[in-house]
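Structure at a glance
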Amino acid sequence: MKRQESTLIEKVLFKIARQWIAGDTMEDALESARQANAHGMNAILNKLGEHMTSKAQVDQTVSDYLTLVSNLRRSKITGGLSIKPTQVGLAISTIECTSNLDVIIEKALQSQSFVWIDMESSEYTDATFEIYQNLFEKYERLGIVIQANLKRTGNDLDMLLKKGAKIRLVKGAYHENSENAYRTRHAVDENYIKLMNVLFKQGNEFAIATHDSKIIDTAIELAKKHERKFEFQMLKGIRDEIKPILVKSGFAVSEYIPYGTNWLPYSIRRLKERKRNILLLGSSFIHAHRV
Ligand SMILES: Cc1cc2nc3c(=O)[nH]c(=O)nc-3n(C[C@H](O)[C@H](O)[C@H](O)COP(=O)(O)OP(=O)(O)OC[C@H]3O[C@@H](n4cnc5c(N)ncnc54)[C@H](O)[C@@H]3O)c2cc1C
């Protein structure tokens, strides 16, 4: 990362953010993935970067993912990829994004790697579902994300379940307006639990992606009633104490591992998720000013 060019606030933020990111390079990501595998978890790798409007940047990202897939296979890493549509062309066009994902998924499948398509802000939701549905007709080992903060998600879940989609349920990391989205923590959590109940009753092969103990405990209870193939997914560097407990209890757990130099937008989302992180940023900033 070009730290010499960064502002003081970026330097302070980077110190906090590094817990969530494997490092700058693909080798850093592979090393984190090996560690995840050694601890009984699958690794889901993501190259940081989003909202790319330059074709050259998009082509470079596609090429990086293809190299990553080869390396996953060579390093015998269990897991797969998670890709943001706007890093492979959705900010250019739906066709550009679909054809780039097609190339990556084709290669990933040859290496037995599962591919997840991340969900970004709501302006991209319709296009992302359209891309997923087109590609899912061709590739079975392909997953999509639904966000509990969006009011539309109950209907989207019904539509996806009818098609047998592989679904990752998250709370939603993007700022949305109150017309589209639930804005209080309570309302988002309530909708998450409602959607999760539907997944356990009607779905199979899905992911409960959260660090929220209350929701994890509810999922464990639901799993006792409904025998389903599902996994827990968590981000690198968050709730590390709970991951081995779930693995030891016999649950499938995957760790989402981002890497690369484009760390700022991802880290800001992680920071905003938790008041304590903002306070940590504040106190680190004051400390950095003193020295
Ligand atoms: C594997 C995975 C993939 C994801 N993919 C997407 C996606 O494609 N699209 C999307 O919009 N969102 C995605 N997200 C992010 C998600 O939407 C939430 O923003 C994020 O998971 C925080 O919500 P939570 O469920 O952990 O609950 P929260 O209520 O935010 O947190 C619950 C508890 O977890 C811990 N915690 C949570 N966040 C942090 C943090 N940053 N630092 C320290 N502790 C923390 C705290 O103990 C907190 O009390 C993904 C999340 C995961 C785990």
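It should be emphasised that the depicted structure is a prediction, and the values quoted were computed from it without experimental measurement.

Attention now goes to the overall build of the protein. Check the secondary structure of the protein and you find eleven helices and eight strands. In terms of C-alpha radius of gyration, the protein reaches 19 Å, essentially the compact-globule figure of 19 Å for 291 residues. Reported as C-alpha extents along the three principal axes, the dimensions of the protein are approximately 55 × 45 × 40 Å. The 291 residues of the protein split such that 39% are buried. Taking the contacts inside the protein whose residues are at least 6 apart along the sequence as the reference set, 71% of them involve residues at least 24 apart.

As a further point, take the packing of helix α3 (residues 55-74) against helix α4 (residues 94-110). The interhelical angle for the contact between α3 and α4, taken along N-to-C directions, is 10°, at an axis separation of 9 Å. The angle between α3 and α4 falls in the class roughly parallel. Contacts between α3 and α4 pair Val-58, Val-62, Tyr-65, Leu-66 and Val-69 from the former with Asn-100, Val-103, Ile-104, Lys-107 and Ala-108 from the latter. Grouping the amino acids of the contact of α3 with α4 by side-chain chemistry returns eight nonpolar, one polar and one charged.

A few words on the pairing of strand β3 (residues 114-117). Every second residue of β3 is oriented toward a common face, with Phe-114 and Trp-116 on one face and Val-115 and Ile-117 on the other, all of them buried. In terms of strand pairing, strand β2 (residues 79-83) meets β3 through four bridges, oriented parallel. The partner of Gly-80 across the bridge, within β3, is Phe-114. Once the chain exits β2 it traverses α4 before rejoining the sheet at β3, and the crossover so formed is right-handed. With three bridges joining them, β3 and strand β4 (residues 142-147) adopt parallel strand pairing. Residue pairing across strands places Trp-116 opposite Gly-143, the latter belonging to β4.

Rules behind the numbers
- Residues numbered from 1 in each chain as written.
- Predicted model: local features only at pLDDT ≥ 70, side-chain atom pairs only at ≥ 80, totals over all residues.
- Helix = DSSP H or I, 4+ residues; strand = E, 2+ residues; numbered from the N terminus.
- Rg over C-alpha atoms; globule rule 2.2 N^0.38 Å.
- Buried ≥ 20, exposed ≤ 12 C-beta atoms within 10 Å, placed from the backbone.
- Contact = placed C-beta atoms within 7 Å.
- Axes fitted to C-alpha atoms, helices over the stretch in contact; angles between N-to-C directions.
- Parallel < 35°, antiparallel > 145°, perpendicular 65-115°, else oblique.
- Nonpolar A, V, L, I, M, F, W, Y, C, P; charged D, E, K, R; others polar.
- Pairing = 2+ DSSP bridges.
- Right-handed = clockwise from strand over helix to strand, strands pointing away.

Distances and angles like these do not, on their own, reveal function.
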